[in-house]
Amino acid sequence: MKFIIAIIKPFKLDDVRDALTEVGVAGMTVSEVKGFGRQKGQTEVYRGAEYTTNMVPKLKLEIACTADLADQAVEAIQNAAGTESIGDGKIFVMGLDNAVRIRTGEAGDTAI
């Protein structure tokens, strides 16, 4: 099993969700986050005053999937979230030792 964490631009969520559904991903968790990388922040205007923030709003997606589905899921995220501009985000893939469905007690691949 694999655990995928993707940081994407907020307006790309629907595209990414649709792409993941097409490859067979059953679910994901989405969190609103802020951070910075090469973008170094952004300049915004609030009530006529311009200010600079060093934290950019993003979405963090967390996806648990079977190992054979992980490469397809990563490719789907990359294709759907990409705009070919700075700040598109990152994808991290880690090994997942176990998963347990609380309601039924199922473990491993069947819990996903």
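Residues numbered from 1 in each chain as written. Predicted model: local features only at pLDDT ≥ 70, side-chain atom pairs only at ≥ 80, totals over all residues. Heavy atoms only, no water.

Counted by the stated rule, this structure contains five salt bridges. D15 is the salt-bridge partner of K12, the closest N and O atoms lying 3.4 Å from each other. Relative accessible area serves as the criterion here: at 12%, K12 is assigned to the buried category. Its salt-bridge partner being D14, residue R17 comes within 2.7 Å of it at the nearest N-O pair. Of this pair, R17 and D14 both sit in helix α1 (residues 13-23), three residues apart, roughly one helical turn. (Salt bridge = Lys/Arg side-chain N within 4 Å of Asp/Glu carboxyl O. Buried < 20%, exposed > 50% of the residue type's maximum accessible area, 1.4 Å probe, protein only. Helix = DSSP H or I, 4+ residues; strand = E, 2+ residues; numbered from the N terminus.)

We now examine unusual backbone geometry. The backbone of E84 shows a phi angle near 60°, a positive value even though the residue is not glycine. Structurally, E84 is set in the loop between α2 (67-81) and β6 (89-95).

Moving on to the nonpolar core. Residues I4, I8, V16, L20, L61, I63 and I77 are the most contacted members of the largest nonpolar core, which totals 19 residues. Only β1 (2-8), α1, β5 (56-65) and α2 provide two or more residues apiece to this core. Among the elements that line this core, the one with the most residues is α2, at seven residues. Look past the residues within four positions of I4 in its chain and what remains in contact with it is L61, E62, I63, C65, A70, A73, V74, I77, I91, F92 and V93. (Core = buried A, V, L, I, M, F, W, Y, C linked by side-chain atoms within 4.5 Å. Contact = heavy atoms within 4.5 Å.)

What follows concerns α2. Here α2 contains 15 residues, and its C-alpha end-to-end distance of 21 Å stays within 8% of the 21 Å for a straight helix at 1.5 Å per residue. Among the residues of α2, those classed as buried are L69, A70, A73, A76, I77, A80 and A81. Buried residues in α2, looked at end-on, bunch into an arc of 135°, giving them a common side. Residues of α2 that are exposed and point over 90 degrees away from its buried face: D68, D71, Q78 and N79. (Expected span 1.5 Å × (residues − 1). Arc of directions from axis to C-beta.)

This part is about the environment of V23. Mapped onto the elements of the fold, V23 is located in helix α1. With relative accessibility at 26%, the residue V23 sits in the partly exposed group. When the C-alpha positions of V23 and A70 are compared, they lie 9.8 Å apart, and in sequence the two are 47 residues distant. Contact partners of V23, with chain neighbours within four places excluded, come to L69, Q72, A73 and A76.

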